[in-house]
Amino acid sequence: MEEPSAQAKHGLRKTVLAVAASFFGVRGSKEHEADMAQLKPLHVIAVGLMMAAIFVLSLVLVVRMVVA
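The structure presented is a predicted model; accordingly, all values stated were derived computationally and were not measured.

### What about the overall build of the protein chain?
So, point 1. Secondary structure assignment for the protein chain yields three helices and zero strands.
So, point 2. Here the protein chain holds 68 residues, and 12% of them are scored as buried.
So, point 3. Per element, the accessible surface of the protein chain, about 5800 Å² overall, is 72% carbon and sulfur.

### Considerations on the environment of Met36
So, point 1. Tracing the backbone through its elements, the reader meets Met36 in helix H2 (residues 29-38).
So, point 2. Measuring from C-alpha to C-alpha, the distance between Met36 and Ala18 comes to 9.8 Å, with 18 residues separating the pair along the chain.

### As for a nonpolar patch on the surface
So, point 1. Taken together, the side chains of Phe55, Val56, Leu59 and Val60 make up a nonpolar region of the molecular surface, amounting to roughly 350 Å² of accessible area.
So, point 2. With respect to the helices and strands, the residue Val56 is situated in helix H3 (residues 41-67).

### Some points on the environment of Val44
So, point 1. Position of Val44 among the secondary structure elements: in helix H3.
So, point 2. Residue Val44 is classed as partly exposed on the basis of its relative accessible area, which comes to 31%.
So, point 3. In the structure, Val44 is positioned 30 residues away from Lys14 in sequence and 9.9 Å away in space, judged by C-alpha atoms.
So, point 4. Not counting residues within four places of it along the chain, the set of residues in contact with Val44 comprises Thr15, Val19 and Leu39.

### Concerning the side chain of Thr15
So, point 1. Structurally, Thr15 is set in helix H1 (residues 4-24).
So, point 2. Setting aside its immediate chain neighbours within four residues, Thr15 contacts Leu39, His43, Val44 and Val47.

### Focus on the confidence of the model for the protein chain
So, point 1. Overall, the prediction assigns the protein chain a mean pLDDT of 87, with 87% of residues at 70 or greater.
So, point 2. The secondary-structure element of the protein chain with the lowest mean pLDDT is H1, recorded at 81, while H3 shows the highest, at 96.

### As for the side chain of Asp35
So, point 1. Along the chain, the position of Asp35 falls in helix H2.
So, point 2. Looking at Asp35, the relative accessible area reads 10%, which means it is buried.
So, point 3. Excluding residues that lie within four positions of it along the chain, Asp35 makes contacts with Lys14, Ala18 and Arg27.

What counts and how
Residues numbered from 1 in each chain as written. Predicted model: local features only at pLDDT ≥ 70, side-chain atom pairs only at ≥ 80, totals over all residues. Heavy atoms only, no water. Helix = DSSP H or I, 4+ residues; strand = E, 2+ residues; numbered from the N terminus. Buried < 20%, exposed > 50% of the residue type's maximum accessible area, 1.4 Å probe, protein only. Areas by Shrake-Rupley, 256 points an atom, 1.4 Å probe, with all protein chains shown as cover. Patch = residues over 30% accessible without salt bridge, like charges linked within 9 Å, V, L, I, M, F, W, Y side chains within 5 Å. Salt bridge = Lys/Arg side-chain N within 4 Å of Asp/Glu carboxyl O. Contact = heavy atoms within 4.5 Å. pLDDT = per-residue confidence, 0-100.

The structure is reproduced here in structure tokens:
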């Protein structure tokens, strides 16, 4: 049996991978169904918002570097 902290790390990793795959649109239907059964919606929303913010900030940084 895994420790709770190891399970939390595995769950966070799985959530990040699921959200990243969704951003690129490369998820299969079987993976989607498995994720929907296992992942918590609040975690998916939180990770999605953080990844969207990182994406927007990186675009702003790239544009500022190109313009400067």
